[in-house]
Structures are given as structure tokens and as C-alpha cells.
Amino acid sequence: ARTLRIGLIPGDGIGKEVIPAGRRILEALPASLGLKFEFVNLSAGFETFEQTGTALPDKTVAILKLECDGALFGAVSSPTHPVKGYSSPIVALRKKLDLYANVRPVKTVLGAAKPIDMVIVRENTEDLYVKEERTYDTPEGKVAEAIKRISQRASSRIATIAGEIALRRQKIRAAGNPSIHKGPLVTITHKSNVLSQTDGLFRTTAREALADPRFSSVAVEEQIVDSMVYKLFRQPEAYDVIVAPNLYGDILSDGAAALVGSLGLVPSANVGEGLAIGEPCHGSAPDIMGQGIANPIATLRSAALMLEFLNEEEAAARIYAAVDANLSEGKLLSPDLGGTAKTEEVVADILGRL
Ligand code: NAD
Ligand code: MN
């Protein structure tokens, strides 16, 4: 049996309600898969900041780095007004652990009127998110500017993982899983018609990486980011895997999430060398916290996605199938999907289908 050590970071708000569901589904996987789990409880978030003065304790980072194979991260609340010394722990975590890829699958259940099945792969470490900004005075008033940094190294590795994800999806389809797609396709997103150096470097580097012979079965296309937004809403079935620099990927992935109905359904993973952190796309949802009605599905799917990057594809497939069965039947749904079921009831139903 393989033992996987998984860090659990509930964070704030409904993070505390959905992360236990992620733990339970991992524990409920059939023994025949040969997987064992050890869990480590870790803290981060706004509450942690209020208690300890830091939103991301060094201990959390060290344990993730030195001990964990994977982790589940819930959600954190950001203060509505600037609070001295506070900064987002998830952004810091991505940087400190070099989790260079943010992977977000967006998929409808089978039989949906407008079927969608795509994965957005967002570069996670650079672009405008290097946060190198400055403001200065001029005779006409203040001017603020920011550095947009694009490197060959980061562009190459993000395109490579996008190619690998396209191949994995091809393999899953070949195993008889229904899909709206035929061939593996990676669409490179950029705005190199305007930003010829930065986005130009992203584009040419991604092209080069995807020209590697191991991706010979993967079709490669390009799309300018603004026209991609248009097409994403008009013709989402045209996409298989989308790879994008940090900012475009952030915007596209939240937009794509809107296509499938509820934030409570959409998972993500932050992936680096030797570590994958599953993270539901939603926030801490203060409007529904404490009521026991948060949809746990984004977290359950994030646990499955984490397993995919730990090369446990069969275990991941079990979780996806159990979730899809719950959604297709449509009897035990949480309020965000129009139902009346509590978090607990949804989890119990899905565990029963594993
Ligand atoms: P949110 O995602 O928390 O909530 C948006 C809406 O979706 C709310 O109406 C909420 O009730 C609903 N919703 C979200 N997840 C749900 C679930 N699992 N089940 C049912 N309904 C769900 O976004 P927000 O309200 O803009 O932000 C709230 C807080 O979360 C803020 O402090 C924000 O900074 C933070 N936030 C954190 C993350 C993150 O940790 N990755 C992401 C977005 C927002
Ligand atoms: Mn975002």
C-alpha cells in the first residue's frame, strides 16, 4: 500500500465546513486501491492572522514542504479594508512552495444542455502578480505602474504541464469515459498583438515546449485573450486545455466557473514539484457560513484533482464518478443548486456511491 501524507488547511468561513468532507472522501476510498492516508492539521487564514499575527505560519509552510505529498486548502477571508501586516496566505504559499501551475477543470455533468469540459492551466508565479508596483508624482498628478514579468522557464514549464494534462485527458477518454472532445488540444492564450515582448515570449516559448515529440498527438492553437472571452461564452465546447499567463488565467478561470452554475462545484489544484494542493475555487462565503449548507462538491473534486497529480488516477476517477452520480440524479442537492440538502447529507450520499 502507498501512504500519502495530506495537509489539511481549512482556513476561514465555510473552509472549515468543506475541508472535513475532503478528508472523509479520501478515507472512504475502497481499500482495493491500495492507498492509505495520514492527515496533518495546519493553520492559515485571517483567523490565524488575528490569533498569531501572521496569516501563514512558518510551521505550515515547513510541514507542507518537508512532510506532505498533498494538501487540501479551504478558503480564506480577506479583510474588506486594508489591515496592516496582512497579506493573502494562498498567494504566499504558491510562491514559497513554487506551486507553479494553477489547474482548474470546468465541466458540466453529462446530458447538460450546453456541455462543457475544459481545463484552464494558469501560470502561478509571475506576470503582473510579481507585485512590483510603484507610484510617483508628475506635474499632471500621480502615476502608478507595475512590472509584468514573463520568463522562458515559467512559460515552458506551464506549457509542458498543459500538454501533459491534455495527454492524460486523452488517456481517460480512450478508457471509455464519455466526453464532448475528440482530440487532445491545447489553446495558448495571450495578447501578443499588443504586448509583443512579454506575451510574445509566452507564446513562442509555449509553442516550443508543445512541439516536443511526446506531444505529437496534441493539437496546438492560439487565441488572443479578449476574443477568447467571447468564444468561451459562445462556444465553450471548442476548448479542451487552455494555457495562459497568470492574470489572463485568473480572469478566464473565474469566468469559466460561471458557465457551470455554482462556485460550489468548481475545484482547482496548485501544482509544483512533488506537491499538489487541492483548493475549491470559492471563497469563505460569510453569507452562508455556520449554517451547514455549503456545497462540498468543489472540495471533493479538488481532493480528486490532487490525487491525479499524485498519479492516483483511478482513485480520482472514483471520486469524480460518485460526484457525477449525485449530480445526475439530482435528488440530494445543496441550496446553491436549487436543493435543500445540508452539506452533511450531500457528503453522505456521495460517500455511499464511491
Ligand atoms: P465567495 O466565493 O466566498 O462567495 C460568493 C457567493 O457564492 C456567495 O453567495 C456564497 O454563498 C456562494 N458560495 C461560494 N461557495 C459556495 C459553496 N461551496 N456552496 C454554496 N454557496 C457557495 O466569494 P466572496 O463572497 O466574494 O468572498 C467572500 C470572502 O472570501 C472574501 O473575504 C474574499 O476575499 C474571500 N475569497 C477567498 C478565496 C480563496 O480563498 N481562494 C476566493 C474568493 C474569495
Ligand atoms: Mn481569481
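Residue numbers run consecutively from 1 along every chain, following the written order of its sequence. Labels follow written order: the first chain is A, the first ligand is 1, and so on. For this predicted model, a pLDDT threshold of at least 70 governs which residues receive local features, and a threshold of 80 or more governs which side-chain atom pairs are given and counted, while totals over whole chains, interfaces and linings are taken from all residues.

### Examining the pairing of strand β4 (residues 101–107)
Moving residue by residue along a regular strand, the side chains alternate between the two faces of the sheet.
Here is step 1 of the chain: For β4, the buried fraction is high: 7 of the 7 residues fall into the buried class.
Here is step 2 of the chain: Where burial is concerned, the two faces of β4 agree: the one with Ala101, Val103, Pro105 and Lys107 and the one with Asn102, Arg104 and Val106 are both buried.
Here is step 3 of the chain: Two strands form a pair only when DSSP identifies at least two bridges running between them. Each helix is a run of DSSP H or I of at least 4 residues and each strand a run of E of at least 2, with the numbering of both proceeding from the N terminus. Across 7 bridges, the pairing between β4 and strand β5 (residues 117–123) is antiparallel. Paired with Val106 across the strands is Met118, a residue of β5.
Here is step 4 of the chain: With 3 bridges connecting them, β4 and strand β11 (residues 269–272) associate as antiparallel partners. Its bridge partner being in β11, Val103 is matched across the sheet by Ala269. For every residue, the other C-beta atoms within 10 Å of its own C-beta are counted; 20 or more classify it as buried, 12 or fewer as exposed, and values in between as partly exposed. C-beta atoms are placed from the backbone.

### Re the site of ligand 1
Here is step 1 of the chain: Nearness is defined per residue: the C-beta atom, placed using the backbone, must lie within 6 Å of the molecule or strand. Inspection of the region around ligand 1 gives 20 residues, with Ser78, Gly264, His282, Gly283 and Asn295 positioned closest.
Here is step 2 of the chain: Here the nonpolar group is Ala, Val, Leu, Ile, Met, Phe, Trp, Tyr, Cys and Pro; Asp, Glu, Lys and Arg are the charged ones; every other residue, Gly included, is treated as polar. When grouped by side-chain class, the residues that make up the shell around ligand 1 number 10 nonpolar, 8 polar and 2 charged.

### Focus: the pairing of strand β7 (residues 141–146)
Here is step 1 of the chain: When you tally the buried positions in β7, you get 0 out of 6 residues, a small fraction of the element.
Here is step 2 of the chain: Both strand β6 (residues 133–138) and β7 contribute to a ladder of 6 bridges, which runs antiparallel. Paired with Glu133 across the two strands is Ala146, which belongs to β7.
Here is step 3 of the chain: Taking the residues between adjacent antiparallel strands as the criterion, β6 and β7 are bridged by 2 residues.

### So, the domain arrangement of the chain
Here is step 1 of the chain: Residue ranges assigned to the domains are those given by an automatic or database domain assignment. The assigned domain composition of the chain is domain 1 (1–98 + 273–354) and domain 2 (110–261).
Here is step 2 of the chain: The contact criterion used is a C-beta to C-beta distance within 7 Å, with each C-beta placed from the backbone. Between domain 1 and domain 2, the residue contacts involve 7 residues of the former and 6 residues of the latter.
Here is step 3 of the chain: For the side of domain 1 that touches domain 2, the elements supplying multiple residues, two or more each, are α4 (89–96) and α10 (313–329).
Here is step 4 of the chain: For the side of domain 1 that touches domain 2, a count of residues per class yields 2 nonpolar, 1 polar and 4 charged.

### Considerations on the nonpolar core
Considering soluble globular proteins, one finds that nonpolar side chains tend to be buried as a cluster.
Here is step 1 of the chain: If you look at the biggest cluster of nonpolar residues, it comprises 91 residues, and the most contacted ones within it are Val121, Val243, Met306 and Ile319.
Here is step 2 of the chain: Two domains share this core, each providing at least three of its residues, namely domain 1 (1–98 + 273–354) and domain 2 (110–261).
Here is step 3 of the chain: Setting aside chain neighbours within four positions, we find Met306 in contact with Gly70, Leu72, Ala269, Ala276, Ile277 and Gly278. A set of buried residues drawn from Ala, Val, Leu, Ile, Met, Phe, Trp, Tyr and Cys, joined through C-beta atoms within 7 Å, is what defines a nonpolar core.

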